[in-house]
Amino acid sequence: MMKAVLVVHGGAWAIPDTLAQASVAGVKAAAQAGSVILKSGGCALDAVEVAVRVMEDNPVFDAGHGAVLNTNGEVELDAIIMEGKTLGAGAVSSVKNIANPVSLARAVMEKTEHVMLTSKGANLFAESIGVSTVSAQALVTEQERKEWQNYKKYSVGVKELFNSQCGHDTVGAVALDEFGNVACATSTGGIRNKMVGRVGDSPFIGSGGYADNKIGAVSCTGHGESILKVTLARLILYHMEQGKSAWEAADCSLHYMAERVQGGGGAIVVSPTGDWSVTFTTERMAWAAFKDQRLLYGLNPKEMFEETLDC
Amino acid sequence: MLPVVVVHGGAGHIPSHRSELSIAGVQEAARKGYAVLKLGGSAMDAVVESVAMMESQGSVLNVKGEIEMDALVMDGRTLACGAVSAVRRVANPIYLAKLVMEKTSHVCLTAEGASQFARAMGIPEVPEESLITDYARKRWKDNLGKMGTVGAVAVDVQGNIACATSTGGMINKMEGRVGDTPCVGCGGYADNNIGAVSPTGHGESIMKVTLARLILFHMEQGKSPEEASDLALAHMFERVNGLGGVVVVDPKGTWAARFSSRQMAWAAAQQDQLHYGLYKGEHFTEPV
């Protein structure tokens, strides 16, 4: 039997000190929730879904509740989930009024013949399977409404926005269960003041995430357009296929992304043997990992704290 | 060996009475792209013009009998890309995808947001009726299989590489279904250092193996476009039971048109020769 591993991230960006503590607490809570599944013999797919749901429900992260607003002042959400045994995948893009897009993505994977549903079609599907909707305002925090009004006054491009201190905390998880299955999930509200209908990397297979039992699983975060250009998740796994470790593969791929398209970001990775890594080229990334009854976490580069989990 | 353009008109089942029409379609598209390249035009312009020509040959319908279209362009020099998904009432989604690349800081716009952007760019809305050919309507009524993806890859005389793919997706698809086409690395990928790929076939399978990027990974490992395509298509069949086809070029102008489906209408133009085929093993040549 494999030793189960779960790694989560709460987004790679210049997380301000005011959000630091809440972000770390949020990823720890998510890792703990996912670890409960794995410890009781659950599968990697359930673990990543639960971990991401916990972060979607946490308003500190830009996913589900707490998502950022587009130029029209609306929330549009993207998510993907993938399991490495069959390469089954489900994704939704630009969906509205859904509290947990990652679970809707899973329903796309399990209840349709398709991989991705977008916009109104995704909402129609949610309705058809009885997923309850929330009001447009329910997902918006008071803080985000203020930040958005602030940004509305200035016309700035995505890169400027991304490189500033504004929220861009996509969330994600990767896991390996005791049966040797890997899975990934990523969920986001995108970037503040994005164009209506803008889809970033998160719901795109191979960019926002990828999982293959033969190679490993990855969930990405960072400048979405750059991640798409280099298909970051698949690129990291390609390097692992060529013999690199989880950390080496993520590190060389993130540096390639910085050089080739000048994009910053982060990735969490797990391999079928339990090798895992957390890597980012941004100032900070909140992350937490569960392995061997231990909870590891960090925020700044080269930082790693450890706690023992109660059994 | 440069310039070169290779196009496909989809890997779905083409009934025999339509085969001449679909061959003529890809030939015309390859000639169009090649003319752009011979006049010193860029690979990007060539693939977009080739695809736009095939787009005008008609799209397919979703489950409500409406047309939702996806398209992707990618520039191998900068890795810049533009995509639209589930967009309606535009005559040429490929032009809109190129505008997303050139005029926004984003890569992909979807559904109503993509339509809003089209209006902002002054692209006229066309009535849905005008995008539906009688043939598409008949296929929809008869609940026939899938069809309708077109694509192109090219290398220009400067050595720049580009790809473009456009689709009306599957017949009777769910509203809002997005296939491989607008997904970077699945429905296309272009990198001046490696080559370019435009796939067609079962979209969900292409997505699960990120087919375009997978072929280019094999080429980075020293495989030829043909070997890389065959390996990746075999992998797609073994792992997820999916069929499809691809057109591929490398920076030297070596090209391939390979498919695991029964047919794929394809054409290539290089050194003033037009190559084309439809069934496996077919390869006809005539002067451009």
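Keep in mind the model is a prediction, meaning the values are calculated, not measured. (Residues numbered from 1 in each chain as written. Chains lettered and ligands numbered in written order. Predicted model: local features only at pLDDT ≥ 70, side-chain atom pairs only at ≥ 80, totals over all residues. Heavy atoms only, no water.)

Here we come to the overall build of chain A. Each helix and strand in chain A was counted, giving 9 helices and 14 strands. Along the first, second and third principal axes, the C-alpha set of chain A runs to 55 × 40 × 40 Å. Looking at chain A residue by residue over its 311 residues, the buried ones come to 66%. A separation of at least 24 residues holds for 67% of the contacts in chain A among residues at least 6 apart in sequence. Carbon and sulfur atoms provide 50% of the accessible area of chain A, an area that totals close to 10,600 Å². (Helix = DSSP H or I, 4+ residues; strand = E, 2+ residues; numbered from the N terminus. Buried < 20%, exposed > 50% of the residue type's maximum accessible area, 1.4 Å probe, protein only. Contact = heavy atoms within 4.5 Å. Areas by Shrake-Rupley, 256 points an atom, 1.4 Å probe, with all protein chains shown as cover.)

As a further point, take the overall build of chain B. A count of helical and extended segments in chain B gives 9 helices and 14 strands. Within chain B, the fraction of its 288 residues that count as buried is 64%. By sequence separation, contacts in chain B at least 24 residues apart represent 64% of the contacts at least 6 residues apart. As displayed, chain B has an accessible area near 9,900 Å², and 51% of this comes from carbon and sulfur atoms.

Before going further, it helps to spend a moment on the interface of chain A and chain B. Facing the 50 residues of chain A at the interface are 49 residues of chain B. Counting each side, the surface lost to burial between chain A and chain B is near 3,700 Å², with a carbon and sulfur contribution of 62%. Across the pair Glu175(B) and Lys120(A) runs a salt bridge, and its minimum N-O distance is 3.9 Å. Examining the composition of the side of chain A that touches chain B, we find that 5 residues originate from one element, helix 4 (residues 119–128) of chain A, more than from any other. (Buried area = accessible area lost by both parts, 1.4 Å probe. Salt bridge = Lys/Arg side-chain N within 4 Å of Asp/Glu carboxyl O.)

Turning our attention to helix 8 (residues 232–241) of chain A. Each α-helix winds once per 3.6 residues, and so residues spaced three or four apart point in a common direction. Of all 10 residues in helix 8 of chain A, 9 are buried; the element is thus mostly enclosed. Of all the positions in helix 8 of chain A, only Leu232(A), Ala233(A), Arg234(A), Leu235(A), Ile236(A), Leu237(A), Tyr238(A), His239(A) and Met240(A) are classed as buried. Where the residues of helix 8 of chain A are buried, they touch strand 8 (209–212), strand 9 (216–222), helix 7 (224–230), helix 9 (246–261) and strand 10 (265–270) of chain A together with helix 8 (211–220) of chain B. Positioned one or two residues after helix 8 of chain A, Gly243(A) has a phi angle of 105 degrees, which is positive.

Moving on, we get to the UniProt feature "binding site: substrate" (unreviewed entry) in chain B. Residue and element names in this part refer to chain B. Within this numbering scheme, the UniProt entry marks Arg 177, Val 178, Gly 179, Asp 180, Thr 200, Gly 201, His 202 and Gly 203 as carrying the feature "binding site: substrate" (unreviewed entry). With respect to the secondary-structure elements, Gly 179 resides in the loop between strand 7 (177–178) and strand 8 (189–191). Here Gly 179 falls in the buried class, since its relative accessible area comes to 2%. Leave out the neighbours within four places in its chain, and Gly 179 touches Asp 70 and Met 207. Mapped onto the fold, Gly 201 is located in strand 9 (residues 195–201). (UniProt positions renumbered as here; feature names shortened; annotations may be inferred.)

With respect to topology, 10 strands assemble into an open sheet ordered 14(A)-13(A)-12(A)-1(A)-5(A)-6(A)-2(A)-3(A)-4(A)-7(B), the strand pairing being mixed. Either end of the sheet is taken by a strand with one partner, and the two such strands are strand 14 (305–308) of chain A together with strand 7 of chain B. Where strand 3 (residues 89–95) of chain A lies against strand 4 (residues 116–118) of chain A, 3 bridges are found, and the strand directions are parallel. Within strand 4 of chain A, the position partnered with Ser93(A) by the bridge is Thr118(A). (Pairing = 2+ DSSP bridges.)

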